[in-house]
Amino acid sequence: MSEAEGGTRVGGKVRLSLGFVLLVGCLVFAGMAWGRTVAVVGDETIEEEEVLALLRQHTEGSDALSGVLLSRMSAEERRAYIESLADWLLLAREATLRGLRLRPDVAVFLKWSAIGILGQAYLAELRKEWDFSEAALRAQYEAHAKRYAEEDAVRLRWCVAPDENRANRMLLDLLGESLPSLPRGEDNSSGVCCVDTDWLRRDALPQGIVEEIFRASPGTTGGPISTEEGYVVFRLLQRREGHLLSFEEAEDRVREDLRDVYLQREMERVRQKANIS
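Residues numbered from 1 in each chain as written. Predicted model: local features only at pLDDT ≥ 70, side-chain atom pairs only at ≥ 80, totals over all residues. Heavy atoms only, no water.

S.K.: Looking at this model, I keep getting lost on the packing of aromatic side chains. Mind explaining?
M.R.: Tallied over the entire structure, the rule returns 5 aromatic pairs. Here the aromatic rings of Y141 and Y148 are separated by 5.8 Å at their centres, their planes lie at 25°, and the arrangement is stacked. Y148 matches Y141 in its accessibility class, with the two residues each being buried. Aromatic pair Y141 and F247: ring centres 5.7 Å apart, planes at 75°, arrangement edge-to-face. Here Y141, found in helix α5 (residues 134-143), pairs with F247, found in helix α8 (residues 247-273); they are 106 residues apart in sequence, far enough to count as distant. Look at Y141 and you get buried, because its relative accessible area is 12%. Given a relative accessible area of 5%, F247 falls into the buried group. Members of the aromatic cluster, joined through ring pairs, are W130, F132 and Y262. The residue whose ring lies beneath R202 is F214, and the NZ or CZ to ring-centre distance is 4.3 Å. Seen from the ring of W199, R240 lies directly overhead, with NZ or CZ sitting 4.6 Å from the centre. (Phe/Tyr/Trp six-rings, centres within 6.5 Å; stacked < 30°, edge-to-face > 60°. Buried < 20%, exposed > 50% of the residue type's maximum accessible area, 1.4 Å probe, protein only. Helix = DSSP H or I, 4+ residues; strand = E, 2+ residues; numbered from the N terminus. Lys NZ or Arg CZ within 6 Å of the ring centre and 35° of its normal.)

Rendered as structure tokens:
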């Protein structure tokens, strides 16, 4: 769109303003009451309810957080937000006039966008009916207690070398309780990598070395051990024994699991009603 077609150029950008009249000032967000029109775009309008609904998308549906977001916007930011919505309406109208709604790739995207929105809206309604009381959460926890256990884990000083000679030199450094003075990472010229790891479970370690590590006591140094990565030497820094999490420790995970249980039940119900082939 050219400036001659009705755009206004500000700071090198054209703001698409043709065909709408903004009702700004006290109408723009200030003292909003449901049903008030905040902008007219050709023969369409932007309503307060629509603007607030869009803001809720940025706050995971929270009315309270939407209010906080709104209160932090200046009058100019609020006006600019509504103008941006009006611009998108104009672009969508032009796309419709060109028949883009019927173009196969656009039609597919519109179809599945609508399906996704409706599905999410339905799930949001269902969540209001799902029982997340403490009693329901504790019942889920007690029925599946093994699911809420922390596995054994270790923290290591972990060094990998491409050959056994260099691995033995690193082992001597570890025995002297000093991390080898080598560049961190895997792409240094020596081919050596030394790091202090985060907590690692058994499944995160090479099979050829995992049992030796988990039998060791903190402070133990081991290796070199040949693995697919190279020759490994290590010092066991810390060890955490596996244990069952208390209900309080596991509550967030329990809530997620219970949500999945409710969702699975609903999916089984709707699938039974459908003819899927």
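S.K.: I'm lost on the environment of C193 in this one. Help?
M.R.: Note on placement: C193 falls in strand β8 (residues 193-196). For C193, a relative accessible area of 12% gives the class buried. Taking the C-alpha atoms as reference points, C193 and A161, 32 residues apart in sequence, are found 6.7 Å from one another.

S.K.: Explanation requested: the state of the cysteines in the structure shown.
M.R.: In a disulfide, the sulfur atoms of two cysteines are held together by a covalent bond. In the structure shown here, the tally under the stated rule is 1 disulfide. C159 shares a disulfide with C194; S-S distance 2.3 Å. Sign of the S-S torsion, about 120° for the bond between C159 and C194, identifies this disulfide as right-handed. Here the residue C159 occupies a position in strand β7 (residues 153-161), and C194 occupies one in strand β8, the gap between them amounting to 35 residues. Each member of the pair, C159 as well as C194, is classed as buried. Free of any disulfide, C193 has its nearest cysteine sulfur in C194, 6.7 Å distant. (Disulfide = S-S within 2.5 Å.)

S.K.: It is not clear to me how the packing of helix α1 (residues 48-57) against helix α2 (residues 63-71) should be interpreted in this structure. Could you clarify?
M.R.: Following both chains from N to C, one finds α1 and α2 inclined at 100°, their axes separated by 9 Å at the closest point. Judged by the inter-axis angle, α1 sits roughly perpendicular to α2. Contacts between α1 and α2 involve L52, L55 and R56 from the first element and D63, S66, L69 and L70 from the second. Of the residues in the contact of α1 with α2, the class split is 4 nonpolar, 1 polar and 2 charged. (Axes fitted to C-alpha atoms, helices over the stretch in contact; angles between N-to-C directions. Parallel < 35°, antiparallel > 145°, perpendicular 65-115°, else oblique. Contact = heavy atoms within 4.5 Å. Nonpolar A, V, L, I, M, F, W, Y, C, P; charged D, E, K, R; others polar.)

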